[in-house]
Amino acid sequence: MRKSLLAAVAVFPMIGVASAQEAPTQTLRIALREDPDLLDPTLARTVMGRIVFAGLCDKLFDIDEKLNIVPQLATGYDWTDGRTLILHLRDGVLFHDGTKMDAASVKYSLERHIATPGSARRAEVDAIDQIAVVDPLTVKLTLKSPNSPLVAQLTDRAGMIVSQKAAEAAGKDFALKPVCAGPFKFAERVAQDRIVLDRFPEYWDAKNIHFARVIYQPITNTATRLANLQAGAIDLTEQVVPSDLEAVRKNPKLKIVESSGLGYQSVTWNTSHGPRAQSPVGQNAMVRKAFELSIDREAAIQVVYAGVYTPTAQAVAASSPYYSPGVKVPARDVAKAKELLKQAGVKLPVTFTMMTPTNSDTMQLAEVMQAMSAEAGFDMKIQATEFASSLDTADRGDFEGYVVAWSGRVDPDGNLFNFVHSTGPLNYGRYANPEVDQWLAQARIETAVPARQALYAKVAAKVAEDQPLMYIYDPKNIVGMSVKVSGFKAVPDGLIRLQGVTKAP
Amino acid sequence: MGGFLGRRLALVLPTLLLVSILVFGLQQLMPGDPALALAGEERDPLVLAQIRTELMLDRPLAVQYAHWIGRVVQGDLGVSWRIRMPVARLIGEKLPVTAQLGFMAFVIALGIGIPAGIVSAVNRNGFLDYAANIVGLAGLSTPNFWLGIMLILLISVNLGWLPPSGYVSLAEDWRQSLATTIMPAFVLGNAIAAILMRHTRSAMLTAMDQDYVRTARAKGLREWRVVIRHAFRNALVPVVTLGALELGTLLSGAVLTEQVFSIPGFGKLIVDAVFNRDYPVVQGVVLVTATIYVGLNLLADVLYVLINPRLRVA
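Residues numbered from 1 in each chain as written. Chains lettered and ligands numbered in written order. Predicted model: local features only at pLDDT ≥ 70, side-chain atom pairs only at ≥ 80, totals over all residues. Heavy atoms only, no water.

Asks: Explain the overall build of chain B to me, please; I cannot follow it from the model alone.
Replies: Looking only at helices and strands, chain B has 12 helices and zero strands in total. Seen in sequence order, chain B has helices and strands lined up from the N terminus as α-α-α-α-α-α-α-α-α-α-α-α. Seen along its three principal axes, the alpha-carbon backbone of chain B occupies a region of about 85 × 60 × 35 Å. A burial count over chain B gives 50% of its 314 residues as buried. Contacts in chain B between residues at least 24 apart in sequence constitute 71% of all its contacts with a sequence separation of at least 6. Just so you have it, chain B exposes about 15,200 Å², and 69% of that area is on carbon and sulfur atoms. Taking the average location of the 25 positive side-chain charges in chain B and that of its 19 negative ones, the two points are 14 Å from each other. (Helix = DSSP H or I, 4+ residues; strand = E, 2+ residues; numbered from the N terminus. Buried < 20%, exposed > 50% of the residue type's maximum accessible area, 1.4 Å probe, protein only. Contact = heavy atoms within 4.5 Å. Areas by Shrake-Rupley, 256 points an atom, 1.4 Å probe, with all protein chains shown as cover. Lys, Arg positive; Asp, Glu negative; His and termini not counted. Charge placed at Lys NZ, Arg CZ, Asp CG, Glu CD.)

Asks: Just to check I follow, could you spell out the overall build of chain A for this structure?
Replies: On a plain count of helices and strands, chain A comes out with 16 helices and 21 strands. Computed over C-alpha atoms, the radius of gyration of chain A comes to 24 Å, within 12% of the 23 Å expected from 2.2 N^0.38 for 505 residues, which places it in the range of a compact globule. C-alpha atoms of chain A, sized along the principal axes, occupy 90 × 55 × 45 Å. A buried classification covers 58% of the 505 residues belonging to chain A. For chain A, the proportion of contacts with a sequence separation of at least 24, taken over those separated by at least 6, is 68%. (Rg over C-alpha atoms; globule rule 2.2 N^0.38 Å.)

Asks: When you look at the interface of chain A and chain B in this model, what are you seeing that I'm missing?
Replies: By a widespread convention, an interface's size corresponds to the accessible area lost as its parts come together. Counting residues at the interface gives 47 residues for chain A and 45 residues for chain B. Buried surface at the junction of chain A and chain B, both sides included, amounts to about 3,900 Å², of which 51% is carbon and sulfur. The largest share of the area that chain A buries against chain B comes from A:R45, A:L176 and A:Q192, three residues that together contribute 16% of it. At the boundary of chain A with chain B, the tally comes to two salt bridges. Residue B:R277 pairs with A:E386 through a salt bridge whose shortest N-O separation is 2.6 Å. Where chain A touches chain B, the interface holds 14 residue pairs in polar contact (both at pLDDT 80 or more). (Buried area = accessible area lost by both parts, 1.4 Å probe. Salt bridge = Lys/Arg side-chain N within 4 Å of Asp/Glu carboxyl O. Polar contact = N/O pair within 3.5 Å; in protein donor to acceptor, adjacent residues only side chain to side chain.)

Asks: Is there a simple way to think about the packing of helix α14 (residues 413-420) of chain A against helix α15 (residues 434-445) of chain A in this case?
Replies: Between two packed helices, both the angle of their axes relative to each other and the distance between the axes serve to describe the pair. Residues and elements named next belong to chain A. Relative orientation of the contacting elements α14 and α15 amounts to 145°, with a least axis distance of 10 Å. Remark: the crossing between α14 and α15 carries left-handed chirality. Within the contact between the two elements, α14 uses D413, L416, F417 and V420 and α15 uses V436, D437, L440, A441 and R444. Residues that form the contact of α14 with α15 fall into these classes: six nonpolar, no polar and three charged. (Axes fitted to C-alpha atoms, helices over the stretch in contact; angles between N-to-C directions. Left-handed = near helix turned anticlockwise from the far one by under 90°. Nonpolar A, V, L, I, M, F, W, Y, C, P; charged D, E, K, R; others polar.)

Asks: How should the sheet that holds strand β15 (residues 350-357) of chain A be read in this particular structure?
Replies: Hydrogen bonds between backbone atoms are what pair the strands of a sheet, whose relative direction is either parallel or antiparallel. All names here are of chain A. As summarised here, the arrangement of the six strands in space is β14-β18-β13-β17-β15-β16, forming an open sheet in which the pairing is mixed. Edge positions in the sheet fall to β14 (310-311) and β16 (378-385), since each has one partner strand and no second. In this sheet, strand β18 (residues 469-474) lies alongside strand β13 (residues 264-269) in antiparallel orientation, the contact comprising four bridges. Counted as the bridge partner of S266 is Y471 from β18. In the packing of helix α13 (residues 387-395) onto the sheet, contacts are made with β15, β16 and β17 (401-406), and the angle to β15 comes to roughly 130°. (Pairing = 2+ DSSP bridges.)

Asks: Help me understand the sheet that holds strand β6 (residues 128-135) of chain A, please; the structure alone is not making it clear to me.
Replies: Residue and element names in this part refer to chain A. Read from one edge to the other, the open sheet built from four strands follows the order β4-β5-β7-β6, with strand pairing classed as antiparallel. The open sheet terminates on both sides in strands that have one partner only, identified here as β4 (74-81) and β6. Across this sheet, the average inter-strand angle for adjacent strands is 20°, counted without regard to direction. Each of β5 (84-89), β6 and β7 (138-143) is contacted by helix α3 (residues 103-115), which is oriented at about 165° to β6, the strand it contacts most.

Asks: It is not clear to me how the pairing of strand β9 (residues 194-199) of chain A should be interpreted in this structure. Could you clarify?
Replies: Residues and elements named next belong to chain A. With respect to burial, β9 is a largely interior element, five of its six residues being buried. One ladder, built from six bridges, connects strand β8 (residues 184-190) with β9; its direction is antiparallel. The partner of V190 across the bridge, within β9, is R194. Where β8 folds back on β9, the antiparallel hairpin that results is connected by three residues, among which Q192 adopts a positive phi of roughly 65°. In the sheet, β9 pairs with strand β10 (residues 213-218) via four bridges, with the strands oriented antiparallel. Counterpart to L197 in the pairing with β10 is V214.

Asks: Help me understand the domain arrangement of chain B in this model?
Replies: Residue and element names in this part refer to chain B. Here chain B is described as being made up of domain 1 (2-73) and domain 2 (87-313). Using C-alpha coordinates to define each centre, domain 1 is positioned 32 Å away from domain 2. On the domain 2 side, the residues contacting the 21 residues of domain 1 number 16 residues. Both sides together, the interface formed by domain 1 and domain 2 hides about 1,700 Å², and carbon and sulfur atoms give 74% of it. Summed over the shared surface of domain 1 and domain 2, the result is zero salt bridges. Scanning the region where domain 1 abuts domain 2 turns up one residue pair in polar contact (both at pLDDT 80 or more). Of all the elements in the fold, those that place two or more residues in the side of domain 1 that touches domain 2 are α1 (2-29), α2 (34-38) and α4 (61-72). In terms of residue count, the dominant contributor to the side of domain 1 that touches domain 2 is α1 (13 residues). Partitioning the side of domain 1 that touches domain 2 into residue classes produces 15 nonpolar, five polar and one charged. (Domains from an automatic or database assignment.)

The following block contains the structure:
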């Protein structure tokens, strides 16, 4: 009796809340810097797509502002041993087509990531050997070998669960009508113009969603994007460019929410990939170190990025618990740079070519580096190359230096392994150091945070010494929005989460 | 007329076939591997191989071409590699947008260029002639993207009169549709207006010196009648040729203007497709554009004959 009374008391206020909260009617307009690619979590490849997915597809886990892994479709996980991961799922979650999200859907979605030809997720979940449904709300993953970055992978597209019924019915066309378990359901897409999502009333966390509709509009031109924000035609834009920051700050109708990102900007050196590696910069770490010492990162950032970004000398972002405080950004020291070049015994000036994608900011950055390094005895030639071509050129090893950025991943493995491990597919310069290889492999197996921190600290120190890459800065996520918008939480991954966001009428 | 049209039509098909081979061949010369561009940031080598197989990139060029053209003649332009939408659907969505933009730009260009050309010819070396020339030269030398951004800042951001970018279709809401397209149409039309103005002016000057104009004046006709009915009609032939050629400029100008105003039209479609190495879209768009271009030139030829009876020989 007492129990049921308590239950009744507990239920009543909830009913009150539910009826007091009317269905939202507002629309939120979000500008993106380019049109996303396929809206299928298995095949999607662009950062812009991830922003749309934040409204469309919930993931097993999410990350918070401090990069902690927090529950979303899964309520928790346990490692029973290094090779067995148990996932506990949230009860009562529905997909947009009304079917139930359960252990079978998780198994289906993960297997889809693994088996679909052309899957962009395959490498992310490659560690999984077997997926077993223990009960409707429990999934057991058996791994080929211990792999601690896996849970972090499940906080992104690899952790998005799709409706089996809808995916099987749509087949190859799933990207044209995606069905997930996120706060909004897919309504319409006009390529290069808009992606429209409508509120999903049965969303498990519906009380935190305050818009009836979200419209994502790709606006590629930065000036036009800013003008739209200023004119009130959009409510929020991802990534205001640093040069526009001042204009937004001065405008009383607009505000900026900044957060440090997960990625980096770098110069990748060709140390051992083909004949182009046979240059002084490729062959001698001392020469690369001299180049680094000739560059004033702070000043370069001031000139090109209005001083907004943070100088760095390592792959892991400062927002991560795996950042190594021991690896500091060296101050500019032209005398020492000259000294190193003398020690290296190279012919002056040291001539080399820097391949640079054609974005105006990257080109400016290269020009600043060109001017600074000239003072130390470098003759850096800039080879401007359109981005898609530059990737191809880098892949073939046809470069000496390459200015290339990485958008960043939650787990440090995602910023390091593919780039500095000798087998990494994005290791353009074919840098190989057996110690680094071993530490990186070990950090994948290790699950304890302090042990992994120690390993990544060693990697960061060694890479700073060998200089296969010169890390320049950590970019920031700079989200511009109308002052009417509130409740936006900036998370380092730069996604626009809609939970808790409201707009004053 | 029938024979003339027949001969012109017979040339269309080989022209388009040549275009299809050229497009296909040229984009193979484009640097960059489409599989790499499509594979995104993390390029899993296994997945790269799967993409190459799926898109037939590992097959000889001739096989790829035969496969593509074989489908094209059946009316299937293929599917976008990047977003998996049928190319025909994309073109069907975008073509009306650019057509509307182009039509409005052309109307603006004609509306400004022809009257300005007539006025400046009639007032030869007078104040109006110099004024029109200066404005025309300014229009010709202003880059589209700069003018576009300036207009957005002035009219949308400062005055708040028009939406800064985007597109609403005529069917959805014609007022909004005009509001979203008038600025880009003006930007696009203004350069063509300048060219049309200068050509109309010189054609009019030539016509005004002709004997029949003197005769018309001698008959005591009113000046505006002389200018419009006698001089202008004869000045129109070179202007029509130019107009048809400028329609091509319109299409290429749309590429820039659509970027600035974020209009989801043909120009934006092809630019994005080139950067993303989305070959089926590039091929489809170029083929359709070529067809339109060939069609417009055919139309111009027919128009000459209608305007100038002396050309009706066949």
